[in-house]
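Breakdown of the fold
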Amino acid sequence: MRSATVRYLDGKSAAARAVTAELELSRLAVYDDGDGVLSRWPLDSLHSVDRWTVARGPLRLGVRGEPGVRLIVEDHAFRQTLLSAAPNAGRPPKRPLPPALKRLSIMGAAMAAAFTALFVAAPWYAGPVTELIPLSWERQFGEQVSDLINTNAGWGVCESEAGNAALDRLSNRLAASAGLSYVPTVTVVSLPQNNAFVVPGGYITLLSGLIEQSTSPDEVVGVVAHEFGHAIERHSLKRLVRANARSVLLGAMLGGSTLIARQIAEAGASLWELQYSREAEEEADRIAVDILRRAGITTAGLKRWFGRLAEEEGAETGTDDQSTPATNYFSTHPSTLARFQDVPVYAGDQGLDDSEWQAIRTICD
Ligand SMILES: [Zn+2]
């Protein structure tokens, strides 16, 4: 299959339109019915815009040198043909480090990160700078933040032998499915809200309201997988670097992290009340779906959870938000309804068996 209808964003207008993409010998041409050829890009200029390209689902492409241009390939057969002609299109671009950072990287990752942040401290370096922070430091730092938040914030940490064991088994299964080099820690705290959050290093906290309000285990498992998505992409660390570049990176450079962990823990709740960007949430959703599918766990629970959340939001604002998914898709934040609609349903088990689910449901008793 050499051509297909794809969605195209030209980087100037917000709306995607349907165009025909045709694979030529060494180029990809894009046609509009009315205007003829819109563009012709060398195959090696195409790259995935996702750090994590899911095996199925749309392939989202960017074009080197043309910021904002996106092609969204949904046709599976065309996707396969395109990827065999242009293997790089399935991979994210190598993010170029600013030249100063590149020179510094020989000084050692943590030193370079700290040095750059201390002297430059520009928020838009948060992504590249975060990549220089060693995972070992992030894990150590996150553990302290998580402990301090969970013990100082005045909410109880829920524990039981069977409940902790069930959470550990789930986390192991999801980590194996994601190919993670570490196993995130999942903790339950006694708070009535229907929510969850993750701090750096993959320390995930579930609020007990999430468990109480879930009608079946796959909903909780779906939310945990979503938090795995944030952990894998280090969204929480990036946000902290953006907000606290100097102190976070000074901690990374000096190897100590207690002081900054304490400062951040004091700001506690804001860590999970703050919303991530639209891109970060969508990225975490896509990764969640992929982790669940690879693990053989149904994605129906994640979808149902977004559905319930969308209903609650609709009830709160009194609006019946049925007609907006297309327009919301490109707005600043994803609407919960759009996220609900974007979760494909794959069959699988519930992620927890009856006794594990029972143990988690009673972990705060
Ligand atoms: Zn999220």
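Some details on the overall build of the protein chain
- A tally of regular secondary structure across the protein chain gives 16 helices and eleven strands.
- Counting contacts in the protein chain only where the partners sit at least 6 residues apart, residues at least 24 apart contribute 63% of the total.

Quick word on helix α1 (residues 76–85)
- Restricting attention to buried positions, one finds in α1 the residues F78, R79 and L82. All buried residues of α1 lie within an arc of 100° about the axis, which places them on one face of the element. Of the exposed residues in α1, the ones pointing more than 90 degrees away from its buried face are A77, Q80 and S84.
- Packing partners of the buried residues in α1 comprise β1 (3–9), β2 (17–23), β6 (59–63) and β7 (66–73).

Some points on the environment of I133
- Tracing the backbone through its elements, the reader meets I133 in the loop between α4 (126–132) and α5 (135–152).
- Residue classification places I133 among the buried residues on the basis of 26 C-beta atoms within 10 Å.

Quick look at the pairing of β7
- Both β1 and β7 contribute to a ladder of three bridges, which runs antiparallel. Within β7, the residue paired with L9 across the bridge is R70.
- Relative to β7, β6 runs antiparallel, the two sharing five bridges. When the bridges of β7 are listed, R60 appears paired with I72.

Overview of the sheet that holds strand β9 (residues 185–189)
- Across the sheet, which stays open at both edges, the four strands sit in the order β8-β9-β11-β10 with mixed pairing between neighbours. Edge positions in the sheet fall to β8 (157–158) and β10 (196–199), since each has one partner strand and no second.
- Where β9 and strand β11 (residues 203–207) come together, five bridges link them in parallel fashion. From the neighbouring strand, T185 faces β11, where its bridge partner is Y203.
- Where helix α8 (residues 217–232) meets the sheet, its contacts fall on β9, β10 and β11, and the angle it forms with β10 comes to roughly 25°.

Thoughts on the pairing of β2
- By the bridge criterion, six bridges tie β1 to β2 in an arrangement that is antiparallel. Following the sheet pairing, S3 is matched in β2 by E22.
- Sheet analysis places β2 next to strand β3 (residues 27–32), joined by four bridges and oriented antiparallel. Pairing of A21 across the sheet is with V30, part of β3.
- The antiparallel hairpin formed by β2 and β3 contains three residues in its connecting segment.

Re the environment of D290
- As for its position among the elements, D290 is in helix α12 (residues 278–295).
- Here the alpha-carbon distance between D290 and A178, two residues 112 residues apart in the chain, equals 8.2 Å.

Structural notes on the packing of α8 against α12
- Axis separation between α8 and α12 bottoms out at 7 Å; the angle between their running directions is 120°. Viewed along their axes, α8 and α12 adopt a mutual orientation that is oblique. The handedness of the crossing between α8 and α12 is right-handed. Residues G222, A225, H226, F228, G229, H230 and I232 of α8 lie in contact with α12, whose contacting residues are E283, A284, D285, I287, A288, I291 and L292.
- Broken down by class, the residue content of the contact of α8 with α12 amounts to eight nonpolar, four polar and two charged.

Some points on helix α6 (residues 161–178)
- The end-to-end C-alpha distance of α6, which contains 18 residues, comes to 26 Å, matching closely the 26 Å that a straight helix rising 1.5 Å per residue would cover.
- Every buried residue of α6 is accounted for by G163, A166, L167, L170, L174, A175 and A178. Buried residues along α6 cover an arc of 165° about the axis, so they all sit on one side.
- On its buried face, α6 is in contact with β9, α8, α12 and α16 (354–361).
- Backbone geometry just downstream of α6 places G179 in the positive-phi region, at approximately 70°.

Criteria and thresholds
Residues numbered from 1 in each chain as written. Predicted model: local features only at pLDDT ≥ 70, side-chain atom pairs only at ≥ 80, totals over all residues. Helix = DSSP H or I, 4+ residues; strand = E, 2+ residues; numbered from the N terminus. Contact = placed C-beta atoms within 7 Å. Buried ≥ 20, exposed ≤ 12 C-beta atoms within 10 Å, placed from the backbone. Arc of directions from axis to C-beta. Pairing = 2+ DSSP bridges. Axes fitted to C-alpha atoms, helices over the stretch in contact; angles between N-to-C directions. Parallel < 35°, antiparallel > 145°, perpendicular 65-115°, else oblique. Left-handed = near helix turned anticlockwise from the far one by under 90°. Nonpolar A, V, L, I, M, F, W, Y, C, P; charged D, E, K, R; others polar. Expected span 1.5 Å × (residues − 1).

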